[in-house]
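Listed below, chain by chain, are the residues.
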Amino acid sequence: MGWRVGLGWDLHRLEAGRPLVLGGVAIPHDRGAVGHSDGDALLHAIVDALLGAAGLGDIGELFDDRDPAHRGRPSGEFVAAVRARLAASGLRVAGVDTVIVLERPRLGPHKAAIRARLAELLGLEPDRVGVKAKTHEGVDALGTGDAVAAHAVVLLEDAAPPGAETCAG
Ligand code: MG
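Residues numbered from 1 in each chain as written. Predicted model: local features only at pLDDT ≥ 70, side-chain atom pairs only at ≥ 80, totals over all residues. Heavy atoms only, no water.

Visitor: Describe the pairing of strand β7 (residues 147-158), with residues and values.
Guide: Where strand β1 (residues 3-16) lies against β7, eleven bridges are found, and the strand directions are antiparallel. Across the sheet, the residue bridging to leucine 11 is alanine 149, located in β7. For strand β5 (residues 91-101) and β7, the ladder comprises ten bridges, and the chain directions are antiparallel. Bridge pairing in β7 links valine 99 to histidine 151. (Pairing = 2+ DSSP bridges. Helix = DSSP H or I, 4+ residues; strand = E, 2+ residues; numbered from the N terminus.)

Visitor: Could you give an account of the environment of alanine 116, with specific residues and numbers?
Guide: By the element assignment, alanine 116 lies in helix α4 (residues 111-122). The class for alanine 116 is partly exposed, based on a relative accessible area of 43%. Between the alpha carbons of alanine 116 and glycine 17 there is a distance of 27 Å; along the sequence they are 99 residues apart. (Buried < 20%, exposed > 50% of the residue type's maximum accessible area, 1.4 Å probe, protein only.)

Visitor: Please provide a residue-by-residue account of the packing of aromatic side chains, values included.
Guide: Pairs of aromatic rings are described using the distance from one ring centre to the other and the angle between the two planes. In total, this model carries one aromatic pair according to the counting rule given. Ring centres of phenylalanine 63 and phenylalanine 78 lie 4.4 Å apart, and the angle between their planes is 25°; this geometry places the pair in the stacked category. You can see phenylalanine 63 sitting in the loop between α2 (59-62) and α3 (76-88) and its partner phenylalanine 78 sitting in helix α3, a full 15 residues away along the chain. On the accessibility criterion, phenylalanine 78 (3% relative accessible area) is buried. (Phe/Tyr/Trp six-rings, centres within 6.5 Å; stacked < 30°, edge-to-face > 60°.)

Visitor: Tell me about unusual backbone geometry, residues and numbers included.
Guide: When glycine is set aside, most residues are seen to have a negative phi, and most peptide bonds are trans. For the bond from arginine 104 to proline 105, the omega torsion is 0°, close enough to zero to count as cis. Within the fold, proline 105 resides in the loop between β5 and α4. Not every positive phi belongs to a glycine, and glutamate 137 is a case in point at roughly 55°. Tracing the chain through its elements places glutamate 137 in the loop between β6 (129-134) and α5 (140-143). Residue classification places glutamate 137 among the exposed positions, given a relative accessible area of 68%.

Visitor: Talk me through the coordination of the magnesium ion; I want residue IDs and the actual numbers.
Guide: Tetrahedral coordination by four donors places them ideally at 109.5 degrees to one another around the metal; octahedral coordination by six donors ideally gives 90 or 180 degrees. Coordination of the magnesium ion by the protein comes from Asp10 (OD), His12 (NE2) and His44 (ND1), over a distance range of 2.1 to 2.2 Å. Positions of the donor residues of the magnesium ion along the chain correspond to the pattern D-x1-H-x31-H. Placement of histidine 12 in strand β1 and of histidine 44 in helix α1 (residues 41-54) is noted, with a sequence separation of 32 residues between them. Using a relative accessible area of 8% as the deciding quantity, one classes histidine 44 as buried. (Donors = N, O, S within 2.8 Å, 3.2 Å for Na, K, Ca; no water.)

Purely geometric numbers; function is a separate question.
Given below as structure tokens:
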């Protein structure tokens, strides 16, 4: 069995009058992420981790942020597209762990929904998905609430070849 690890990180500025979406879940707030797509920093970090683990480049190479087709696009569609590429490469997602850095609002009430949505988007059982939320202790742009950031680590495994399950002991 082959294993591959991938690391992703993303940051978006926050401005009034925009939606805040994290892990495909809308978070009620008075400001949201500036971005060409829906600005979902968590999903963008996950996409980069998936691509990195598979040696498939990065999110900017696959989804050009100058392409009008991606304007306002739900980032869950990027995840779906990358999963299809992984499958074509004989890989599947085995687990993901994430950290969101957001000063406010506190994400405690939203973590379960984000975890459930990530599990759905990645085709994983929820116990293979980690969602942690941190503040930035008032320091720098993250700490003043002017930005949101996210970190992600993913583990990919080689998809079992057809018929391999019949060999299981
Ligand atoms: Mg991004």
